[in-house]
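One-letter residues, chain by chain:
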Amino acid sequence: QTVGMDEVTTAVWKATTDDLFEAKEKHVAAIARWAGEPGSCAPLAAALVKRVQSCGARPVTTAKTLFLLHRLALAGADEVLRQPLRELASLIGRRGLPESMLDYASYVTSLCAWDDASVFRNSDAPAFWRCMHLSQLLAGVP
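Residues numbered from 1 in each chain as written. Predicted model: local features only at pLDDT ≥ 70, side-chain atom pairs only at ≥ 80, totals over all residues. Heavy atoms only, no water.

> Could you give me a rundown of the overall build of the chain, with the residues and numbers involved?
A tally of regular secondary structure across the chain gives nine helices and zero strands. Along the chain, helices and strands appear, N-terminal first, in the series α-α-α-α-α-α-α-α-α. Classification of the 142 residues of the chain by burial places 39% in the buried group. In the chain, the proportion of contacts linking residues at least 24 apart, taken out of those at least 6 apart, comes to 62%. Within the structure as shown, the chain displays about 8,200 Å² of accessible surface, and the carbon and sulfur contribution to it stands at 55%. (Helix = DSSP H or I, 4+ residues; strand = E, 2+ residues; numbered from the N terminus. Buried < 20%, exposed > 50% of the residue type's maximum accessible area, 1.4 Å probe, protein only. Contact = heavy atoms within 4.5 Å. Areas by Shrake-Rupley, 256 points an atom, 1.4 Å probe, with all protein chains shown as cover.)

In structure tokens:
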């Protein structure tokens, strides 16, 4: 199914494919790396928008796409995430996601809109921030 896709689109597709295995770290790491490369931003954003548009049809693909957006948000890929997050916000507004995914999607969009989120993106951020349990982290989010 990846015949004719470029390297970036293939990695996004493989990281979010509808199988019951977690996304391979090599694909997620490559995508995060490309998010920081100016020449790769536009094709990566386009591939992510396409995947976000398919959210809701298949729960596994939806979960993996949200996970990928979350990882990119934590990596500070603001430029790449602009369009995909607009599309995700539209899906949330239309309630075009499975009920079980709406909270996570809302969290990802809120995290990206939160001005103080940059503390998580710094490589010198305290290790406890990066290892904190989600419930503790959410307690500190406005």
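Next comes the rest of the description.
> Before we move on, can you summarise the pattern of salt bridges with the specific residues and values?
Inspection of the entire model under this criterion finds five salt bridges. Its salt-bridge partner being Arg 58, residue Asp 18 comes within 2.5 Å of it at the nearest N-O pair. Of the two residues, Asp 18 sits in the loop between helix 1 (7-15) and helix 2 (25-35) while Arg 58 sits in the loop between helix 3 (38-53) and helix 4 (59-74), which places them 40 residues apart along the sequence. Residue class for Asp 18 comes out partly exposed when judged on its relative accessible area of 34%. The residue Glu 37 makes a salt bridge to Arg 33 at a minimum N-O spacing of 3.9 Å. The exposure class assigned to Glu 37 is partly exposed, which follows from its relative accessible area of 32%. (Salt bridge = Lys/Arg side-chain N within 4 Å of Asp/Glu carboxyl O.)

> Please set out the packing of helix 1 against helix 2 residue by residue, giving values where relevant.
Put simply, helix 1 and helix 2 touch, their axes get as near as 9 Å, and they point 135° apart. It follows from the interaxial angle that helix 1 and helix 2 lie oblique. Crossing of helix 1 over helix 2 shows left-handed handedness. Contacts between helix 1 and helix 2 involve Glu 7, Val 8, Ala 11, Val 12, Lys 14 and Ala 15 from the first element and His 27, Val 28, Ile 31 and Trp 34 from the second. Of the residues in the contact of helix 1 with helix 2, the class split is seven nonpolar, one polar and two charged. (Axes fitted to C-alpha atoms, helices over the stretch in contact; angles between N-to-C directions. Parallel < 35°, antiparallel > 145°, perpendicular 65-115°, else oblique. Left-handed = near helix turned anticlockwise from the far one by under 90°. Nonpolar A, V, L, I, M, F, W, Y, C, P; charged D, E, K, R; others polar.)

> Mind laying out the side chain of Thr 17, listing which residues take part and the relevant values?
Relative to the assigned elements, Thr 17 resides in the loop between helix 1 and helix 2. In contact with Thr 17, other than residues within four places in its own chain, are Arg 51, Val 60, Thr 61 and Lys 64.

> Run through helix 3, naming residues and quoting values.
Spanning 16 residues, helix 3 covers 24 Å between terminal C-alpha atoms, matching the ideal 22 Å at 1.5 Å per step. Taken together, the buried positions of helix 3 are occupied by Ser 40, Cys 41, Leu 44, Ala 45, Ala 47, Leu 48, Val 49, Arg 51 and Val 52. Residues of helix 3 that are buried make contact with helix 1, helix 2, helix 4 and helix 5 (78-93). (Expected span 1.5 Å × (residues − 1).)

> Explain the nonpolar core to me, using residue names and the numbers behind them.
The biggest cluster of nonpolar side chains holds 36 residues, and the ones touching the most others in it are Ile 31, Leu 44, Leu 48, Leu 72, Leu 88 and Leu 97. Of all the elements in the fold, those that place two or more residues in this core are helix 1, helix 2, helix 3, helix 4, helix 5 and helix 6 (99-113). (Core = buried A, V, L, I, M, F, W, Y, C linked by side-chain atoms within 4.5 Å.)

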